[in-house]
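Fold and contact review
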Amino acid sequence: IPAVSEEGLNPEESLLQDYPDFVLTGLHACGDLSATLLRHFVSCPQVRGITSVACCYMKITTKENPTPPGLISPSFPLTPSTESFRYEFGYPMSSWVKWLPGHQLSYKAREGACHAVEDYVRRLREGSQLLRTHCYRAILETFIRETRPDLRRAGIQTIKKAHLLAFTE
């Protein structure tokens, strides 16, 4: 039987009253961070609101791909549940979707969700130099896949103002 304080609350409820209400905010809530924010919003009574700008969908963990490229592997095995830690993958969050046949999203599908096609169409029409960076990166990725398959999707970072550089630079 849990202990009860003078106010009729158990110690855990009493502790929660000591914390102020707050709003969760996630700007550039990369990968699983958005899912984590939503889970926290649902489970924590002090959270009164949430704003989240999700991104980097390709970094969302799934049962089929628990450590997508660009993530640091955790020190524990990622399974739906372990003895000391319950791990929930970023996708799917819905238990209904989880049981739908064929709901899985490939890395490429998640990566495609990050890029607005209309932005690329506009950039192509305007002759944007920023697309040069994407082209260089695609060429580099192709080269890496052919010569070092172990480095596929290695999470190579871009360089500031890379669109102003020649490919050899």
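- Labelled according to an unreviewed UniProt entry, the protein chain appears under the name Methyltransferase domain-containing protein, originating from Xenoophorus captivus.

Quick look at the overall build of the protein chain
- The secondary structure content of the protein chain amounts to six helices and two strands.
- Listing every helix and strand of the protein chain by position from the N terminus yields α-β-α-β-α-α-α-α.
- Expressed as a percentage of its 169 residues, the buried residues of the protein chain come to 20%.
- Carbon together with sulfur atoms contributes 60% to the accessible area of the protein chain, which is approximately 12700 Å² in total.

Here's the deal with the pairing of strand β2 (residues 47-55)
- When strand β1 (residues 22-30) meets β2, the two strands line up parallel, connected through eight bridges. Its bridge partner lying in β2, Thr-25 is registered against Thr-51.

Here's the deal with the nonpolar core
- Of all hydrophobic cores here, the largest spans five residues; its members are Leu-24, Ala-29, Leu-37, Cys-44 and Val-47.
- Residues in contact with Leu-24, not counting those within four places in the same chain, are Leu-37, His-40, Phe-41, Val-47, Gly-49, Ile-50 and Thr-51.

Some remarks on the state of the cysteines
- What the rule picks out here adds up to zero disulfides.
- The structure places no disulfide on Cys-30, whose sulfur is separated from the nearest cysteine sulfur, that of Cys-56, by 3.3 Å.
- The thiol sulfur of Cys-55 is not disulfide-bonded, and the nearest other cysteine sulfur, from Cys-56, lies at 3.8 Å.

As for the pattern of salt bridges
- Counted under the stated rule, the structure contains three salt bridges.
- Put simply, Arg-48 and Asp-21 hold a salt bridge, and the shortest N to O gap is 2.8 Å. A residue pair is termed long-range when its members are at least 10 positions apart, and Arg-48 in strand β2 and Asp-21 in the loop between α1 (11-17) and β1 qualify at 27 residues.
- A relative accessible area of 57% means that Arg-48 is categorised as exposed.

Quick look at helix α6 (residues 130-147)
- Helix length check: α6, at 18 residues, gives a terminal C-alpha distance of 26 Å against a target of 26 Å (1.5 Å per residue), a fit within 8%.
- For α6, the full list of buried residues reads Leu-131, Thr-133 and Ile-144. An end-on view of α6 places all buried positions within 145° of arc, on one side of the element.
- Tucked into the core, α6 has its buried residues touching α5 (117-126).

Basis of the calculations
Residues numbered from 1 in each chain as written. Predicted model: local features only at pLDDT ≥ 70, side-chain atom pairs only at ≥ 80, totals over all residues. Heavy atoms only, no water. Helix = DSSP H or I, 4+ residues; strand = E, 2+ residues; numbered from the N terminus. Buried < 20%, exposed > 50% of the residue type's maximum accessible area, 1.4 Å probe, protein only. Areas by Shrake-Rupley, 256 points an atom, 1.4 Å probe, with all protein chains shown as cover. Pairing = 2+ DSSP bridges. Core = buried A, V, L, I, M, F, W, Y, C linked by side-chain atoms within 4.5 Å. Contact = heavy atoms within 4.5 Å. Disulfide = S-S within 2.5 Å. Salt bridge = Lys/Arg side-chain N within 4 Å of Asp/Glu carboxyl O. Expected span 1.5 Å × (residues − 1). Arc of directions from axis to C-beta.

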